[in-house]
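What follows is each chain in one-letter form.
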Amino acid sequence: MANEKGLVPAPGIRRPERRRLWYELIECGLHGHHLSGTDAARLRPGDALFVRETDDGLRWHRCLRCDAWIPLPQPAGPARGVPPDRAEITLPLRGRPLRDKYVLRLIAVDRMVHFVVLAVLATAVLLFAERREHLRGTFYRVVDALQNGVGGPSGHSGHGLLGELDRAFAAHTSTLWAIGLVLAAYAVLEGVEAVGLWYARRWAEYLTFVATTVLLVPEVYELTGRISATKILTLLINLAVVVYLLVAKRLFGLRGGGRAEAAERAHDAGWEALERVFPGPVPGHGPRAG
């Protein structure tokens, strides 16, 4: 449509129907625009959805992710005759599927942190269980030296970090091995969740939902005793993860289930989505046949 002065805007100047391109712009800022047909010798009328040539010979290439139109000169040494057909083009994520990718990867990072912490704890407990008898004498000598050095009573008070270590030395070896193996299994679970969520696997969404939901019970129980900001923050994060996976990812058939999510993905990231934003050539700036 012409403006007040009767001039026809070039591609990329008209305001598109889609308003929120925040995730698309971040992705393009990190990885560059996703263009197609930059190495083609000539254009066809059907290529106007993603590449157009103006009357002065300048080509406008549409980013298939963020819808920006990038002006480029014609290739000096074209590698192919015409741009690839739609079936040959792998469309990048955009819209809600791209948003879900960022959210899932944020959850994956959280799970990876859990994996590292739990793996370190499991290793420490298992090594302690293996070498506890070698460390016992050194531990008690250090504790006595510290207490006598500051004028404290000899023996062990049973409070604080020293008290916890004292109880650890007094625990049965089988108990320490059980604790270490449970921590190791939990670390593996968190690692599997992290990898699956990073690659947006559906099974990882179910696994994360079930595992996180089960852990909500002890987290709520802990708040009946001593309340801390860390416990509250952890509970809120896990609640947000559960709600997001259940509602936004449509688990267990909620809101149409997997079929509805697939339809939503096609609606936001398929060729129809590109046609809704820029359905046809800009008047006066249509592609020229080569």
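Bear in mind the structure is a predicted one, so any value in this text is a computation, not a measurement. Think of each chain on its own: its residues are numbered from 1, step by step along the sequence as written. With the structure being a predicted model, the display of local features is reserved for residues of pLDDT at least 70 and the display and counting of side-chain atom pairs for 80 or more, all residues being used for whole-chain, interface and lining totals. With hydrogens and water set aside, each side-chain value is computed from the structure's full complement of heavy atoms.

(A) Fine view of the pairing of strand β2 (residues 59–62). Residue alternation in β2 divides its side chains into two sets, Arg 59 and His 61 and Trp 60 and Arg 62, and both sets are buried. Strands pair, by our definition, only if DSSP identifies at least two bridges between them. The way it works is that DSSP assigns letters per residue, a run of H or I at least four long becomes a helix, a run of E at least two long becomes a strand, and they are numbered from the N terminus. The pairing of strand β1 (residues 51–53) with β2 spans three bridges and is antiparallel. Across the sheet, the residue bridging to Val 51 is His 61, located in β2. Connecting the antiparallel pair β2 and strand β3 (residues 69–72) is a turn made up of six residues, with Asp 67 showing a positive phi of about 70°. Whether a residue is buried, partly exposed or exposed follows from its accessible area with a 1.4 Å probe, protein chains only, as a fraction of its type maximum: under 20%, in between, or over 50%, in that order.

(B) Expanded view of the layout of surface pockets. Of the voids in this model, the largest pocket is the one considered here, and its volume is about 310 Å³. Only protein atoms enter the 1 Å grid used here, on which a cavity is any set of points holding a 1.4 Å probe that cannot leave and a pocket is any open set flanked by protein within 12 Å on both sides along at least five of seven lines; residues with an atom within 4 Å of a point are listed as lining. As for the largest pocket, its lining consists of 15 residues, of which His 114, Tyr 186, Leu 215, Glu 219 and Thr 234 are closest to the centre. Ranked by the residues each element gives to the lining of the largest pocket, the list is headed by helix α5 (residues 202–222), at six residues. The residue classification treats Ala, Val, Leu, Ile, Met, Phe, Trp, Tyr, Cys and Pro as nonpolar and Asp, Glu, Lys and Arg as charged. All others, Gly included, are polar. By residue class, the composition of the lining of the largest pocket is six nonpolar, four polar and five charged. Grid points are joined across faces, edges and corners, and a volume is the space filled by probe spheres set on the points.

(C) Representation of the pattern of salt bridges within the structure. In what follows, salt bridge is the name for a side-chain nitrogen of Lys or Arg lying within 4 Å of a carboxyl oxygen of Asp or Glu. Tallied over the entire structure, the rule returns 20 salt bridges. Residue Arg 96 pairs with Glu 264 through a salt bridge whose shortest N-O separation is 3.2 Å. Here the residue Arg 96 occupies a position in helix α2 (residues 95–149), and Glu 264 occupies one in helix α7 (residues 257–269), the gap between them amounting to 168 residues. With relative accessibility at 32%, the residue Arg 96 sits in the partly exposed group. Lys 249 serves as the salt-bridge partner of Glu 261, at 2.4 Å between the closest nitrogen and oxygen.

(D) Focus on the nonpolar core. In terms of nonpolar packing, the biggest core is built from 14 residues, with Leu 104, Ile 107, Leu 197, Phe 209, Tyr 244 and Leu 245 touching the most fellow members. Only α2, α5 and α6 (229–248) provide two or more residues apiece to this core. Other than its neighbours up to four places away in sequence, Leu 104 contacts Leu 197, Ala 200, Glu 205, Tyr 244, Leu 245 and Lys 249. Counting eight residues, the second largest nonpolar core, distinct from the first, contains Leu 43, Leu 49, Val 51 and Ile 89. In plain words, nonpolar cores are sets of buried Ala, Val, Leu, Ile, Met, Phe, Trp, Tyr and Cys residues tied together by side-chain atoms within 4.5 Å. Here a residue-residue contact requires only that any non-hydrogen atoms of the pair lie within 4.5 Å.

(E) Focus on helix α1 (residues 22–31). Taken residue by residue, α1 has Glu 24, Glu 27 and Cys 28 as its buried positions. The arc that holds the buried residues of α1, viewed along the axis, is 95°, so those residues lie on one side. Opposite the buried face of α1, by more than 90 degrees, sit the exposed residues Trp 22, Leu 25, Gly 29 and Leu 30. Gly 32 lies just past α1 and shows a positive phi near 90°. It is the directions from the helix axis to the C-beta atoms whose arc is reported.

Interpretation note: all reported values are geometric properties and have no functional meaning in isolation.
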